[in-house]
Structure formats: structure tokens, C-alpha cells
Amino acid sequence: MSDSGSDEDLTPEDRGSTESVRKGCDPLVSTQRSKLQQRRAKLNQQINRELLLRSGAENLYRASTNQKVKETVALELSFVNSNLQLLKEELEELNSSMNIYQTESETLNVPMIPLGLKETKEIDMTVPLQDFIAEHYGEDASLYLNEIQDFMELRQAMRTPSRNEAGQELLMEYFNQLYFLDQRFFSPHRSLGVHFHWYDSLTGVPSVQRALAFEKGSVLFNIGALYTQIGARQDRSTLSGIEDAIDAFQRAAGAFLYLQENFSHAPSLDMSGSALSMLVRLMVAQVQECVCEKVLLNIQDIHLNVLLQAAQEAARVSDVYSLVLQAMSVPLLKDYVPFSWISMVQVKTHHFRALAHYYTAVALCDCSGVGDEDEDGAEIKALVQIHTRQPEKLNLQDPEDKRRLGKAHLRKAIIRHEEALRLHGVCKMLRKMDILQEVLSDAHTRSLEKYSDIDQEDDFCEVAEAPEVQSHTQQKPDIKAPDFSVVRVTDIFHRLGPLSVFSARNRWTRRHVCLVRGEAGLGLTLRGDSPVLVAGVLPGGCAAEGGLREGDYIVAVNSVDCRWAEHAEVVHALKSCPDRGLELDIITLQTHEVERRMNLSPSGEQDYQSGSQRRAGREYGGSSSSVWGWSWRNSGVKMETHQSSNVSPIFYCPVLLEPVWPFSSDLWPHQQGICGHRTAAHWIFPLFQMVVRENHSRSAASEILRAARQAPATMPRSKSLKSPFFPILMLTLNCSRSS
């Protein structure tokens, strides 16, 4: 059945050369493929509705104690299960509609097995993205409505890609945009609140995930599935068509293999490891089939080496399809793979094995030695090596024995052809494929005619047993991993700023700084581009007095955005400082603030205790400097004591950056805690922060610690955590034990 009026047959002028990639196919065009996709989408929704009804009925049946209600629910369940079974059978029939994706060439070729695309629901991401832009980036979300609309239009177009290179570019473009979306909006600290709905490619069972990895994996699956459709529609009657089909199936195998290696714990069965492994083997087998067709296409005259090569290529195709059949027969996939697929693989296994025996028989019977002794010896050696074992009781130098062996190969070929025809007749979907029926019948008739030509009425010799043909290929499949760099895209949300700084995984504080140029200049050093980094600040200079610090990023100068500005542009803007001064918008990443507080003391110097001082401070009953000088290296927090006695203890802790106490585990890496007490870590640091800020004297701290040493060594955690003094006791006890 022809796919008349399909988008694949339109010229770039008809589609619009600049919009074909972004628009995709028109789902309302009445083509055979579009009708199939629409029907599959409706079936997926119906199956989803029936599954929900069945789940609710089962829950009601388990929860109810009324016998009449249970009987009514049981009757309803039977109807639901019956409808669900009918819908799944209809979906399986649609998934088995391989003839829709085949080429329209009049040449007889065995049809290929394409894969239908995964269906997905339309998603409105306007509100979640706007909320994230307002909360995380501190921007006016209404200014990014165009970017959000562009992304949603791209996703809508991705649902109906055309069956050509433009469709692949569309899927690749969306896949690359998902990388930027992940970096911009998917934070490890909060959920975006977007649910991605995708339906199983073969069964229509829905799966819902909030993880963007599920969206990426589903798009990558469709990239491989679209390559299978492109490969199936190639005209394999020409050498260029066969090469295009080989390339498409190799890329499909690469996409499925990449998906298998990089995405795990898939919620749908079609993206499971066993299913993807089966699909990779299926694509490799179809590549090998195309290679065999290329060899058969070059057979113009009867030559021994060409015929033997064709026989070995056909045997190789039969072997790889046998491996595909084994992959389809695993327990997880036995009832999942469509019956038409299994039948087609079985038919191809027997068909190409029959071709291997046929071409071997032709080589034995029609290529008699007419050359010198060396050539005859090479031919005999080739005829022996093509078999998996030495032919028994036969001398291949004798023409009569060669005829007998060829007759035995033809007998095996006929048996294999008949088995392929039988399997073809068993499957209802394969019976609808007239081209497959014609290919199998022609091959069977050709073997019968050849057998009748060499059969002799007075042949009373013992029937010979033909060994199997040794499989071999001249061109091994080359699995091509997807190259996402082929389609270059621009981040739709690039106005938010450079991704190295302005991403969902970074946190920063934003402030406004006013600078007035002094006699010595602004007193700062800049480095890098997009955005420009403050590499150094001169102590006592204008920048230091204005509040500019090392590690800050300049994002605006006099209300002019410079997040994407180059180094020279920002320097020029700063040098063009008016008399009234400069107004800078500055952001400081929290990591830079942590490093600053960790490495800088109030006096601007870095003083560390010597090893002897630290050992002296650990003495039990000594001054309280043993506590102040204690270092928590595992937690990245340090408290140091300076040699000068009038210097207050300095507490360096990342939680000082937070306006609230870090009771949440997201604000503090409490995996190790303090000496293994994870929960205590949430209390100790805020309390010491309070002690430092309130400028409590060391004598008061010593009194607290002295009282803590008299406390019992063990306390019930569930009750003691209610008291804020428990962490101090635990800290004191741990310090005492370590000393």
C-alpha cells in the first residue's frame, strides 16, 4: 500500500527549507504512516484508561467486604481485561504493519523489520519554568515567555518527525536542547514539578517519570527507531540504496547500544537492557542481510568464487538471525516481542540458510573445472573449505560426486524453503505481506527446478549427506554511535547568562556596588570572559571600600548587562567611569564565599598553630584552646587559634553563609558528621556561630566545657537532642577521648 502524499516525498521548497526541521510532520496529513501513528496514539490512550480502570477495580475488590460488591467488581474486571486484551492485540497488529514502512520499488526483496516511534503526551512547562526563573535566577519570568514557547514548540514538533534526515536533525536538536534544559532548570535541591509521559513502543503501556533522563532516553530511542524506518524504506535494488540502508541500520544499532550503556533502570520494557540488546542484534542482522543482498546484486555470471561468497554470506545472515531469535526467546521478552517479529526472524533464518545451500549446489554442479591442475586444485580446496566438515565418501575431483553433493545441498535448500513457507502461513500478519510470499515462492520454485535439472532417473546411488555451509562475511557491521555534534544548537535560554555560572547547580548572592574612581584607579584586577571575574582587589582601594571582593563576577555595569561581554568590553566600560562613579551588579558564588571565609582571617593573615602547640592544646585539663584549635578535616570545617592571646577564636564554616540554621541535610555534608555523630553536626555549628557572634569570653566557654566533662558519657539520643547543650557535651567528650 503506497504512502501517497507523505511528507518524505515533498521537496524542500514545498516544506519550507528553513522551517522543516522545527515544524516536523503535519499530523493531520492523510498518509498511511500518519494514520498509523494517530491510531497508535489513540490505542495507547485507550490502553492507559483501561489499565487505570483495572487498577481501581482491583483495589475496590481487595478493600470491599460486601460479597455482592465483590461479585459486581469481578464481573467488571472480566470486561476490562477482555477489552484490554483486544486493544493490545490491535496495537500488536499495528506494530506489525511492516509493509507501510517498506520501499515502493518493484524489485523483490525480503521486507525489513522497522520499529515504531514512542508516543508522548503534550506538556505545558510554562508555569514550572517561570517559577524557577523567578526563584533561582531572580529574573522577571515574563521576559522569557518567548524562550519557553520556542522550547515547547520544539518538543511538539519532535513528536512527529519526518522520515528523512530532517526528522533526524529535529530529534537531535531537541536532544541537544535537553542538555541545556538540564543544566538550567533541574537542580539537585528541588524538583521542577514536570512529569514526562511516554508510552511503550510495542505494548502501549504508559510510563511517567519526573527525571529528565527518561525524556532523554525516550528521544534517543526514537532516534534509533526513526533510523530503522529510514533503512526499511530504501530501494535495495540499487547499490546506492543498499549502502544507505546499511548506514541507517548501523546508526540505529549505535543509538540503541548507546541507550543501553548510558541509561539504566528504565521504567518501560522497550528501554530495558534485554530489549535494547535484542534490538541491537536485530539491527546488526539486517545490516548483514543488506551486505548479502549487495553480493547477490553483483552476481552476473556463474563464477565459482562469487557463488561461494554468496553462499557464505547467506549462511552468515542465517546465523545472526538465529542469535536474534535467541535474544527474543529470553523469559522477559518471550511474551513481549510481537509474534510477527518472531515469525519474520524464523522465516529469514530458514530462507537464507536455504539460499546458502542453493548457491553451494550451483557452484558444485555448474562450475566444473576447465583450467589447469593448479586452478582445479584451488577450486577443490575452496569447495572443501566452504563446508563445516569434510564431505564423507565423496571425491570432489570426480564430477559425479560433485553432482551428488550438489543434489544433497539442493535437497536441504528445498526443505528449508518449505519450512519458511510454512512459518509464513502460520502468522496472519505475514500472510498479508504479498511481497514476502512472492520472494519465498520464487526461491522455492528455483530450487525445485534446479533439482529437477540435475536429477537422473537411473540414479540409484546412495543419497549423500550435505554438510552445513561455513558462514563468512566480507563486510562486518560497523555500529555507529550517535554523533550529537552534527546538529549544532544554541541554548534557547542563553539570555540567563553563561552556563558555567548561571546554572541550576550553582548558588549565588547578588548585590549592588557603587565605585568612585580614586587617584590610584579602581584598585581591582579582572580576568576571563563571559562573565568577567574579579581576580584581585587592592586593599584600601576603591573596589575594596565599595565591597568588591576576589571571586566576584561582574554581570552589569551602569545597568548594562555584561554577562556575555568579553574582557576588553568590560575593561573599556570601567575605564569610561563618569565623575559620579560606577554602579556594578555583582554576584558571588557560594563556593567562592566559602573559600574566602576558610582562608582569610580578620587581620588579613593566615596563621596556623604548630604541631607542638596543637599537641599542647589537646592536654586534658588545659586551657580551652584545645577545643578552639580542634580541626574537623573530614567535614571541611576548621577552627584556629592565633598566637596572640587577644585574638578571638575564628570559626570557619560553610553554614555561616546561610541565613537560617542548617537543620536540613541539603545544607551540610553530614555523611561523616563530627566523629560519627551525624545529627549533632546540625546543632554544633550554629551554637558556636552564636557564641562567636555574641563575643562570649573564653572563661564562660571554659565553664561550659568543665561542666560538660562531668556529664555522663552516654545519653539517650532521642531525648537529649531536644536540648541544645547536648552537642556541646558530645563535642567535649569527643575532644577528650581524642586527646
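Since the structure is predicted, the reported quantities are computational estimates derived from the model, not experimental observations.

A. Quick peek at the overall build of the chain. Secondary structure assignment for the chain yields 26 helices and eleven strands. When burial is assessed residue by residue, the chain has 48% of its 739 residues classed as buried. Considering only contacts in the chain between residues 6 or more positions apart, those separated by 24 or more positions represent 75%. Of the roughly 36400 Å² that the chain leaves accessible, carbon and sulfur atoms contribute 50%.

B. Broad picture of the pattern of salt bridges. Tallied over the entire structure, the rule returns 24 salt bridges. For Arg236, the salt bridge identified is with Glu293, shortest N-O distance 2.7 Å. One end of the pair, Arg236, is in the loop between helix H8 (212-232) and helix H9 (239-262); the other, Glu293, is in helix H10 (residues 273-297), and 57 residues separate them in sequence. Here Arg236 and Glu293 have matching classes, each one buried. Three or more residues joined by partner-sharing salt bridges are found here, namely Asp319, Arg353, Lys412, Glu465 and Glu468.

C. Expanded view of the nonpolar core. Leu181, Phe185, Phe256, Trp341 and Phe493 are the most contacted members of the largest nonpolar core, which totals 137 residues. Here this core gets 15 residues from one element, more than from any other, and that element is helix H13 (residues 339-366). Each residue touching Phe493, except ones within four places of it in the same chain, is listed here: Leu129, Glu147, Ile148, Phe151, Leu181, Arg184 and Phe185. Counting residues in hydrophobic clusters, the runner-up holds 18 residues, among them Val557, Ala565, Leu582 and Leu584.

D. Representation of the confidence of the model for the chain within the structure. For the chain, per-residue confidence averages 76 on the pLDDT scale, and residues scoring 70 or more make up 70% of the total. Looking across the chain, the model is least confident in helix H22 (residues 625-628), with a mean pLDDT of 29, and most confident in H9, with 95. Predicted confidence for residues 601-698 stays below pLDDT 50, and this span has 141 contacts to residues more than four positions away or in other chains. Note that pLDDT drops below 50 for residues 711-739; the model gives that stretch 42 contacts with residues more than four away or on any other chain.

E. Region of interest: the side chain of Asn176. Along the polypeptide, Asn176 turns up in helix H7 (residues 165-185). A relative accessible area of 11% means that Asn176 is categorised as buried. For Asn176, the contacting residues outside a window of four places in its chain are Phe484, Val487 and Val489.

F. Molecular detail of H7. For H7, built from 21 residues, the straight-helix expectation of 30 Å at 1.5 Å per residue is met to within 8% by its first-to-last C-alpha distance of 30 Å. Counted residue by residue, H7 has 18 buried out of 21 residues, so it is predominantly covered. At the N-terminal end of H7, a side-chain oxygen is found 3.2 Å from the backbone nitrogen of Ala166, two or three residues along, and the residue is Asn164.

What counts, and at which threshold
- Residues numbered from 1 in each chain as written.
- Predicted model: local features only at pLDDT ≥ 70, side-chain atom pairs only at ≥ 80, totals over all residues.
- Heavy atoms only, no water.
- Helix = DSSP H or I, 4+ residues; strand = E, 2+ residues; numbered from the N terminus.
- Buried < 20%, exposed > 50% of the residue type's maximum accessible area, 1.4 Å probe, protein only.
- Contact = heavy atoms within 4.5 Å.
- Areas by Shrake-Rupley, 256 points an atom, 1.4 Å probe, with all protein chains shown as cover.
- Salt bridge = Lys/Arg side-chain N within 4 Å of Asp/Glu carboxyl O.
- Core = buried A, V, L, I, M, F, W, Y, C linked by side-chain atoms within 4.5 Å.
- pLDDT = per-residue confidence, 0-100.
- Expected span 1.5 Å × (residues − 1).
- Polar contact = N/O pair within 3.5 Å; in protein donor to acceptor, adjacent residues only side chain to side chain.

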